[in-house]
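# A closer look at the structure
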Amino acid sequence: MGKIKGAIVINEERCKGCDLCAVACPLHLIAPSGKVNHRGYPYVVQDDAEGRCTGCTACAIVCPDGCISVYRVKSE
Amino acid sequence: MTRNEIIAPENLVYHKPTLMNDNHMHYCPGCSHGVVHKLVAEVIEEMGLTDHAVGISPVGCSVFAYNYIDIDWQEAAHGRAPAIATAIKRLWPDRLVFTYQGDGDLACIGTAETIHALNRGENITIIFINNAIYGMTGGQMAPTTLLGQKTSTCPYGRQADLHGYPLKITEIAATLEGTCYVTRQSVQTVAAIRKAKAAIRKAFENSMNGRGSNLVEIVSTCSSGWKLTPVEANKWMTEHMFPFYPLGDLKDTTIE
Ligand SMILES: Cc1ncc(C[n+]2csc(CCOP(=O)(O)OP(=O)(O)O)c2C)c(N)n1
Ligand code: SF4
Ligand code: SF4
């Protein structure tokens, strides 16, 4: 059986730091970056050094600002 | 497989709806308006109605909805969106015509237009964002404000003897002969968002099939008006709004 692997790309300039994606991620892979974008919002980042993201899309679906793109593959 | 290998166009499974442009939305962080905008854009796209959709934007925080979703829009005076929608749909019966309104717009200043458009059975959809407050003007009490809920104009909480009772306008809509589909949804979780999307799709399909008027209420948050973080606002909504505004379909004449 193939393993499902995912990755997300967060549009940092669009992000408003609402944290709704962080709460929605079942693996708790999203957290505040500690940095602020050009509009003054503290944006979030994905911290997934171990490659655990499954590309389930939960974070992206709840994001009110459409900041997150999700990619998913089935690897052998 | 490395992250860079996964991030390839052929592996893309979710992105901002194509109909939603890159304009920065003025909504506060975490505002439900953004999620509902995405759903409206996705459904119009999926129904192939991009060139046949006309939205009527209200007065309220979503006054600039026309800046974010690339379809035709008409701006209405406060509360008058259902009247404008009536005119557009009657002149252009092949168009998907919907209004997008807050609770101050729909259930206060626009109550008459709302009730009569629904009662006439206009083939339109009304998307009703109920955040129990006037968001845009600074969080004043709305007809939908819950008993006990504190707002800038009822700082000690809404009291029935002084301010009257919260208005369940969606329940009223369900009693009207002209309505086809009346439902109350929310967008606080992935499951709720999926259901809300299906409800918007059904309402849009009914409007296109001439089945009468459709009302989709979305129980929503206004974290700025409620003075909570977006995460706290979702929790507050679940604990306080849902018991008074229970989710689910109130009327569906397509299955009777
Ligand atoms: C005729 C008129 N009366 C009052 C106002 C002021 N006003 C602007 S937005 C608003 C309330 C909007 O609240 P709601 O419809 O709940 O939308 P939200 O901002 O919460 O999304 C009011 C009273 C106005 N613009 N025009
Ligand atoms: S849900 Fe969207 S706007 Fe909110 S923190 Fe996550 S990426 Fe940013
Ligand atoms: S004031 Fe409330 S309704 Fe308006 S954008 Fe902010 S959170 Fe949304």
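To keep things clear, this report deals only with the structure shown in the data block. In this text, all values refer to a predicted model and were calculated from it rather than measured experimentally. (Residues numbered from 1 in each chain as written. Chains lettered and ligands numbered in written order. Predicted model: local features only at pLDDT ≥ 70, side-chain atom pairs only at ≥ 80, totals over all residues. Heavy atoms only, no water.)

## Quick word on the site of ligand 2
Inspection of the region around ligand 2 gives A:C15, A:K16, A:G17, A:C18, A:D19, A:C21, A:V44, A:C63, A:P64, A:C67 and A:I68 as its neighbouring residues. Here the shell around ligand 2 is composed, by residue class, of 8 nonpolar, 1 polar and 2 charged. (Near = heavy atom within 4 Å. Nonpolar A, V, L, I, M, F, W, Y, C, P; charged D, E, K, R; others polar.)

## With respect to the site of ligand 1
Residues and elements named next belong to chain B. Close to ligand 1 lie 16 residues; C61, G104, D105, G135 and M136 are nearest. Separating an oxygen atom of ligand 1 from a side-chain N or O atom of D103 is a distance of 2.9 Å. Computed on the free molecule, ligand 1 has an accessible area of 600 Å², of which 72% lies beneath the protein chains in the complex. Residue assignment for the shell around ligand 1 shows that the elements contributing at least two residues are α4 (103–109) and β6 (133–134). When residues of the shell around ligand 1 are assigned to their parent elements, the largest contribution, 4 residues, is made by α4. Partitioning the shell around ligand 1 into residue classes produces 6 nonpolar, 8 polar and 2 charged. (Polar contact = N/O pair within 3.5 Å; in protein donor to acceptor, adjacent residues only side chain to side chain. Areas by Shrake-Rupley, 256 points an atom, 1.4 Å probe, with all protein chains shown as cover. Helix = DSSP H or I, 4+ residues; strand = E, 2+ residues; numbered from the N terminus.)

## Some thoughts on the pairing of strand β9 (residues 213–219) of chain B
All names here are of chain B. Of all 7 residues making up β9, 7 are buried, and the element is well covered by its neighbours. Because side chains alternate across β9, one face comprises the buried residues S213, L215, E217 and V219, and the other comprises N214, V216 and I218, equally buried. Pairing geometry for strand β8 (residues 179–186) and β9, over 7 bridges, is parallel. Counterpart to S186 in the pairing with β9 is V219. In this fold, β8 hands off to helix α8 (residues 190–208), which returns the chain to β9; that crossover is right-handed. (Buried < 20%, exposed > 50% of the residue type's maximum accessible area, 1.4 Å probe, protein only. Pairing = 2+ DSSP bridges. Right-handed = clockwise from strand over helix to strand, strands pointing away.)

## A few points about the interface of chain B and chain A
Taken together, the 34 residues of chain B in the interface contact 31 residues of chain A. Between chain B and chain A lies a buried interface of about 2600 Å² when both sides are counted; carbon and sulfur atoms form 66% of it. Its largest share of buried area at the contact with chain A, chain B owes to B:I6, B:Y14 and B:H24, together 23% of the area lost on that side. There are 0 salt bridges connecting chain B and chain A. Counting across the chain B and chain A interface gives 12 residue pairs in polar contact (both at pLDDT 80 or more). Elements supplying a minimum of two residues to the side of chain B that touches chain A: α1 (3–6), β1 (12–14), α2 (32–46), α8 and α10 (230–244) of chain B. Looking at the side of chain B that touches chain A residue by residue, the class counts come to 19 nonpolar, 10 polar and 5 charged. The pairing of strand β4 (residues 68–75) of chain A with β1(B) spans 2 bridges and is antiparallel. Residue pairing in the sheet places A:V70 in a bridge with B:Y14 of β1(B). (Contact = heavy atoms within 4.5 Å. Buried area = accessible area lost by both parts, 1.4 Å probe. Salt bridge = Lys/Arg side-chain N within 4 Å of Asp/Glu carboxyl O.)

## Quick word on the nonpolar core
Of all hydrophobic cores here, the largest spans 60 residues; its most connected members are A:I68, B:V40, B:I44, B:I127 and B:F204. Leaving out residues up to four positions away in the same chain, B:F204 has contacts with B:V40, B:V43, B:I44, B:M47, B:L96, B:F98, B:T125 and B:I127. Counting 21 residues, the second-largest nonpolar core is a separate cluster that includes B:A76, B:V97, B:L106 and B:L215. (Core = buried A, V, L, I, M, F, W, Y, C linked by side-chain atoms within 4.5 Å.)

## Quick word on the packing of helix α3 (residues 81–91) of chain B against helix α5 (residues 111–119) of chain B
All names here are of chain B. Close contact between α3 and α5 brings their axes to 7 Å; oriented N to C, the two are set at 35°. For the pair formed by α3 and α5, the contact residues are P82, A83 and T86 on the first element and E113, T114 and A117 on the second. Among the residues forming the contact of α3 with α5, the class breakdown is 3 nonpolar, 2 polar and 1 charged. (Axes fitted to C-alpha atoms, helices over the stretch in contact; angles between N-to-C directions.)

## Brief notes about the sheet that holds β1(B)
Neighbouring strands of a sheet are bound in pairs by backbone hydrogen bonds; such pairs are parallel or else antiparallel. One open sheet holds the 3 strands; their spatial order is β1(A)-β4(A)-β1(B), and the pairing between them is antiparallel. The sheet is open, and its two borders are formed by β1 (3–10) of chain A together with β1 of chain B, each paired with just one other strand. If you compare each strand with its neighbour and ignore which way they point, the axes differ by 35° on average. With 8 bridges joining them, β1(A) and β4(A) adopt antiparallel strand pairing. Within the sheet, the bridge partner assigned to A:I8 lies in β4(A) and is A:V70.

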